[in-house]
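Architecture at a glance
Chain by chain, the residues:
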Amino acid sequence: MNQTIAIDRMGYGSEAVGRLDDGKTVFVEGGAPGDVVTIEITEDKPAFARARILTIEEASPARRMPVCAHAASCGGCAWAHLSYEAQLKAKRDNVAAALVRTAHIDRERAEELVRPCLPSKRQWGYRNKLELGARFDDRGTFLLGFHREGTHDIATPETCPLAAKAIEKAPKALRGALRFAQGSSDLGIFRVGVRASMRTRDVEIALWTEPGAFPRAHMAKMLKSALKATSIVRVMADPGKARKIKGVETLDGKGCWEEELAGARFLTSAPSFFQVNTAQAEKLIAEVIDGLGGQASLDGALVADLYAGGGTFSVPLALAGAEVIAVESAGSSVRDLRRNGDMNGVDIEVVGGDAARELPELGELDALVVDPPRAGLADGVVESIAAAAPAKVAYVSCNPATWARDVQRFEANGYRLWRVQPVDLFPQTHHVEVVSVFDRVGC
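Every value quoted in this text rests on a predicted model; they were computed, and no experiment measured them.

**Some thoughts on the domain arrangement of the protein**
Parsing the protein into structural domains produces domain 1 (2-63), domain 2 (90-121 + 277-440) and domain 3 (129-261). Its C-alpha centre places domain 2 at a distance of 31 Å from the equivalent point of domain 3. Listed as interface residues are 10 residues of domain 2 and, on the opposing side, 7 residues of domain 3. Taken over both partners, the interface formed by domain 2 and domain 3 buries close to 600 Å², and the fraction arising from carbon and sulfur atoms is 62%. The three residues of domain 2 that bury the most area against domain 3 are Thr278, Glu282 and Arg339, which together make up 54% of that side's buried surface. On the surface where domain 2 and domain 3 come into contact, there are 1 salt bridge. With a shortest N-O distance of 2.7 Å, Glu282 and Arg199 are connected by a salt bridge. Run the count over domain 2 and domain 3 and you get 2 residue pairs in polar contact (both at pLDDT 80 or more). Its residues assigned to classes, the side of domain 2 that touches domain 3 shows 4 nonpolar, 4 polar and 2 charged.

Below is the structure:
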């Protein structure tokens, strides 16, 4: 059954949100707030429905023609049909909505807490990294491209305008090189990562393969002919979600990727995480330091950095004068963290281990920074943080839903949320980073 409806807002995802004639919430792919559209219901559940647009009866003023011709089919820039102002507003509103819906904070307080989303100067060409899926199809053709969201399908655009200029054409170039290098043989390549720095000019290609024999020299030669790289590495791992690393080897070049961030230099190994929007990551760091009271307050303060990665926050905090204890569980990131501390001339106490297990051993802290994965903080971590009793906690999140759940936990354990700053690291997508700061009640 078809209906004509108005689109009210963007959801936290690729879809827009409206209401059917009976009041049921409907999620509509490709909608924009302010659209009037005729839709066809594709999924009808008791609590909600999903639909596709048949015709746009009245286009929203927020609607734009996507820069990328593959936006609809690839899924990597699902908000590219929205003006940038509309994207920023939707991201800020979704953060506030998460506080109301999940943290059970009243709407008036949520609206007061959440600041306008900090925009990215680059709305396209900002990504320093592309993640490409790889496999042979049923006809024996090697595919390299982007996994369509929620599927195992691989979209194969020739370029990606979200990527930094040095790797914008990498999908086509690497696809051709890897097809030629493999021929009809399946060398077990299931993922390819490409990083490029606009500041250091470093470019790294990381081939993720199953363990086993591999034509290292031949592969390095083919890849170098396709893309000027300062480093080519092979990450040996089992395919699948766990992706347990079995080993890393350098095929050509320096074997790591170097970036400049917040006045510091960072070396990153292929399996290690680094923020994909360098300029906006600097805003995250600035917000964390400011939220903890600024450089004057940090000088000599004992600060723990949980889920520290390669030192994105640890190094700038140490450069600001803090005594930093950094906790990180991933082996490659622990090595990067130690190396980055040494390279920038700061003394960071690095603890290799799980944050939940190590936190009770850290003692009393002046401040604490957490930047957990999308799943947020594990059960019991908030309680362990409260036992360590830092006066301030800065929580950086890439997932408003799990962050809001943890906000409720902090406020139930003696902390008060007072600052929420969304930062747009991912223009043209629904994703948003949040820097939030809690004060311990009574401090």
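**What about the packing of helix H2 (residues 84-101) against helix H12 (residues 400-411)?**
Two elements in contact, H2 and H12, have axes separated by 9 Å at closest approach and are oriented at 40 degrees. One finds that H2 runs oblique with respect to H12. In terms of crossing hand, the pair formed by H2 and H12 is right-handed. On H12, the residues touching Val95, Ala98 and Leu99 of H2 are Pro400, Trp403, Ala404 and Val407. Taken together, the residues that form the contact of H2 with H12 break down as 7 nonpolar, no polar and no charged.

Cut-offs and rules
Residues numbered from 1 in each chain as written. Predicted model: local features only at pLDDT ≥ 70, side-chain atom pairs only at ≥ 80, totals over all residues. Heavy atoms only, no water. Domains from an automatic or database assignment. Contact = heavy atoms within 4.5 Å. Buried area = accessible area lost by both parts, 1.4 Å probe. Salt bridge = Lys/Arg side-chain N within 4 Å of Asp/Glu carboxyl O. Polar contact = N/O pair within 3.5 Å; in protein donor to acceptor, adjacent residues only side chain to side chain. Nonpolar A, V, L, I, M, F, W, Y, C, P; charged D, E, K, R; others polar. Axes fitted to C-alpha atoms, helices over the stretch in contact; angles between N-to-C directions. Helix = DSSP H or I, 4+ residues; strand = E, 2+ residues; numbered from the N terminus. Parallel < 35°, antiparallel > 145°, perpendicular 65-115°, else oblique. Left-handed = near helix turned anticlockwise from the far one by under 90°.

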